[in-house]
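Understanding the architecture of this molecule
Chain by chain, the residues:
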Amino acid sequence: MEIDPAELDTALAKQFKGKAKAVALNQQALESGRKFAQENLDRQLVPVRCRRMNQTAGKIIIDGNSAAALGCMFAGITVATWYPITPSSSLVETLADYMRDYRVEADGKATFAIVQAEDELAALGMAIGAGWAGARSMTSTAGPGISLMNEFIGLAYYAEIPVVIFDVTRVGPSTGLPTRTQQSDILAIVHCSHGDTKHIMLLPCSVSECFDMAVDAFDLTERFQTPVFVMTDLDLGMNNWMSDTFKYPTRKFDRGKVLNAEDLNKLGAFERYRDVDGDGIPYRTLPGTDHPAASYFTRGSGHNEKALYSEKPEDYKNNMDRLARKYDTSREYVPQPEVQYTKDAKIGFLAFGTTHWAVIESLDQLQREHSMPVSYYRLRAVPFTKHLAEFFERHDRVYIVEQNRDGQMASLIKLELSSVLGGKMRSIRHYSGLPIDARFVTDAITAAESAEAAGKGAKK
């Protein structure tokens, strides 16, 4: 293969650092093997050759949990609470290391609090309390932790308290396969808690998006005063990936609709849950605001626009309608999808998260091996945007590719679309616990398209 002998010597010296005898013995073995190959082996048996490259210049290697932790720090996080669970533990562990390096004042005082709680429910309760008090707060967990957090998630949604929750998804249900990967928490998250709830989910596909969407999540949670979920998975969170360096965030933090004492002096008063601007988002004050009109009750029970306890049907209905209106407003603020329309394509892929990497390779295989043009819609957040219906309108069939048994994202999309557009939807599902690969996708879509063609022929 014509590997430079000097590179093999360098690798040996690194592997057996400080062990001169081991280095010498292995160098002799390498030289003997090299000589034997030159004298006895047919070079044509190995058709590939190595050439020196520099394609990794300027790249970094990092796992998704560490990238998300960096994003949290750059987003101005001040409180992180957590309980250890595979595969999310390293996110807050790494965040703690970063914060000790960069967020401690010259006098030794920390500008943050990172707390390991007694369980997942307590961890989220602490994070919600910090968000209510005005801190940028978060927790991280996996599917079993989400199950335990449901009651507090509902509280944050209904009382409208900002908090960011990272769900590094593993295989379920129950304990499942803690060291395997899946996209299996979609339905569990989007309607998490009892009653009518709709949550914002961000869907990064890469370590760079883990960084960027961590920053986005804190702006969104404070803008919309609601829990925001960042949905990664074990494959992305725990494995090392090569990436371009991350872009330094330059925009100012979006703290949302927060009234200070000066604002209240001008207004005279405010009603915590009133929709003043028509976007469903109310105004809030932070504890400690020095104004007699600043205080209000934060309730997880029924309340009216003034935050007073109420069981009146009209108060409850008005509140729930406003929450739905707020969710609709968020469609314009969440990360927008990346859409690639291919000339003459009658079919399209829709994928999200780490499934992206199998899909882009499959697109190449389908073109080279089958001359099959396919468009691609990469979903980056829920709620869906106007682009979703447009993509379905322009294709005969759209294949939703995801890593779970029941087609969870396909189920959500079906609820979003008209029956006509929903009829164009097909599902490709991979749920072995191992990451999805391109050949699986290519074989699935070619088989499905052959079946479609055969079905049309039979009808004729």
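Residues numbered from 1 in each chain as written. Predicted model: local features only at pLDDT ≥ 70, side-chain atom pairs only at ≥ 80, totals over all residues. Heavy atoms only, no water.

**Re the layout of surface pockets**
Quick note on the threshold: Lining residues are those with an atom within 4 Å of a point, where the points come from a 1 Å grid over the protein atoms alone and group into cavities, where a 1.4 Å probe fits but cannot get out, or pockets, open sets with protein on both sides within 12 Å along at least five of seven lines. Grid points are joined across faces, edges and corners, and a volume is the space filled by probe spheres set on the points. Numbering of helices and strands runs from the N terminus, with a helix taken as a DSSP run of H or I at least four residues long and a strand as a DSSP run of E at least two residues long. Side-chain classes follow a simple rule in which Ala, Val, Leu, Ile, Met, Phe, Trp, Tyr, Cys and Pro form the nonpolar group, Asp, Glu, Lys and Arg form the charged group, and the remainder, Gly included, forms the polar group.
Of the volumes computed, that of the largest pocket is approximately 560 Å³. Lining the largest pocket we find 16 residues, and of these Met1, Glu2, Arg34, Ala37 and Arg43 sit closest to its centre. Looking at the lining of the largest pocket, the elements with two or more residues in it are helix H1 (5–15) and helix H2 (20–40). A per-element tally of the lining of the largest pocket places H2 first, with 5 residues. Partitioned by chemical class, the residues of the lining of the largest pocket number 9 nonpolar, 2 polar and 5 charged. By volume, the second largest pocket amounts to about 440 Å³. Around the second largest pocket, the lining is made up of 21 residues, and of these Gly172, Pro173, Ser184, Asp185 and Gln408 lie nearest the centre. Among the elements of the structure, helix H6 (143–159), strand S5 (163–171) and helix H7 (186–190) are those that each provide at least two residues to the lining of the second largest pocket. When the residues that make up the lining of the second largest pocket are grouped by side-chain class, the tally is 8 nonpolar, 9 polar and 4 charged.

**So, the side chain of Arg272**
What counts, and what does not: A simple rule labels every residue: compare its accessible area, found with a 1.4 Å probe on the protein chains alone, to the largest value its type can have, and call it buried under 20%, exposed over 50%, or partly exposed in between. His is not counted here, nor are the chain ends, while Lys and Arg score as positive and Asp and Glu score as negative. Every case where a carboxyl oxygen of Asp or Glu lies within 4 Å of a side-chain nitrogen of Lys or Arg is listed as a salt bridge. Polar contacts, as counted here, are pairs of nitrogen or oxygen atoms within 3.5 Å of one another; within protein the pair requires one atom able to donate a hydrogen and one able to accept it, and residues that are adjacent in sequence qualify only if both atoms are side-chain atoms. The contact rule is simple, with two residues in contact once any of their heavy atoms fall within 4.5 Å.
Along the chain, Arg272 falls in the loop between helix H10 (261–267) and helix H11 (313–329). Glu160 provides the closest opposite charge to the buried, unpaired Arg272, separated from it by 5.3 Å. Within the structure, the side chain of Arg272 is placed 2.9 Å from the side chain of Gln225, a separation counted as a polar contact. Excluding residues that lie within four positions of it along the chain, Arg272 makes contacts with Ala159, Glu160, Gln225, Pro282, Tyr283, Arg284, Tyr296, Glu305 and Ala307.

**Here's the deal with the pattern of salt bridges**
Applying the stated rule across the entire model yields 34 salt bridges. Of the charged contacts, one joins Glu31 and Arg34 as a salt bridge, the two residues approaching to 2.7 Å between their closest N and O atoms. Here Arg34 and Glu31 lie together in helix H2, a separation of 3 residues that amounts to about one turn. Residue classification places Glu31 among the partly exposed positions, given a relative accessible area of 45%. Its relative accessible area of 22% is what places Arg34 among the partly exposed residues. Between Arg405 and Asp406 there is a salt bridge, with the nearest N and O atoms lying 2.7 Å from each other. Each of Arg136, Asp216, Asp219, Glu222, Arg251, Arg255 and Arg284 takes part in a single network of salt bridges with overlapping partners.

**Focus on the environment of Glu361**
Looking at where Glu361 falls in the secondary structure, it is placed in helix H12 (residues 355–370). You can call Glu361 partly exposed: its relative accessible area is 45%. Each C-alpha atom, one on Glu361 and one on Lys346, is 19 Å from the other, the two residues being 15 residues apart in sequence.

**Remarks on the state of the cysteines**
Note on terminology: a disulfide is the covalent bond linking the sulfur atoms of two cysteines. Quick note on the threshold: Note that a disulfide, as used here, is simply two cysteine sulfur atoms within 2.5 Å.
All chains considered together, the criterion is met by 0 disulfides. No disulfide involves Cys205; its sulfur sits 8.7 Å from that of Cys210, the nearest cysteine. What makes Cys210 buried here is its relative accessible area of 1%.

**Focus on the domain arrangement of the protein chain**
The extent of an interface is frequently quoted as the accessible surface area lost upon association of the parts. Operational definition: What marks off one domain from the next here is an automatic or database domain assignment.
Segmentation of the protein chain into domains returns domain 1 (5–45), domain 2 (61–243), domain 3 (261–330) and domain 4 (338–459). Centre-to-centre, using C-alpha coordinates, domain 3 lies 42 Å away from domain 4.

**Quick word on the nonpolar core**
As a reminder, the rule being used: Put simply, a nonpolar core is a bunch of buried Ala, Val, Leu, Ile, Met, Phe, Trp, Tyr and Cys residues held in one set by side-chain atoms that sit within 4.5 Å of each other.
Counting residues in each nonpolar core, the largest one holds 81 residues, and the members touching the most others are Met138, Phe392, Met409 and Ile413. In terms of residue count, the dominant contributor to this core is helix H8 (residues 207–224) (10 residues). Beyond its immediate stretch of four places on either side in the chain, Met138 contacts Cys72, Ile77, Val79, Ala80, Thr81, Leu91, Val92, Leu95, Ala127, Val164, Phe166 and Phe218. Listed in part, the 16 residues of the second largest apolar core include Leu363, Ile436, Val441 and Ile445.

**With respect to the packing of aromatic side chains**
This is how the line gets drawn: Note on aromatic pairs: the rings of Phe, Tyr and Trp (six-membered ring only in Trp) are paired at centre separations within 6.5 Å, and the planes decide the class, stacked below 30 degrees, edge-to-face beyond 60, tilted for the rest. Cation placement over rings: the criterion is NZ of Lys or CZ of Arg within 6 Å of the ring centroid and within 35° of the ring normal.
Tallied over the full model, the rule gives 9 aromatic pairs. Taking the centre distance of 5.2 Å and the plane angle of 80° together, the rings of Phe224 and Tyr333 count as edge-to-face. Residue Phe224 is located in helix H8, and its partner Tyr333 is located in the loop between H11 and strand S10 (338–340); the two are separated by 109 residues in the primary sequence. The buried category is assigned to Phe224, whose relative accessible area is 1%. Taking the relative accessible area as the measure of exposure, Tyr333 reaches 45% and is therefore partly exposed. The interplanar angle of 85° and the centroid separation of 6.1 Å between the aromatic rings of Phe270 and Tyr296 together place this pair among those described as edge-to-face. Pair noted here: Phe270 is in the loop between H10 and H11 and Tyr296 is in the loop between H10 and H11, with a separation of 26 residues, a long-range link. Positioned above the aromatic ring of Phe253, the side-chain terminus of Arg136 is 4.5 Å from the ring centre.

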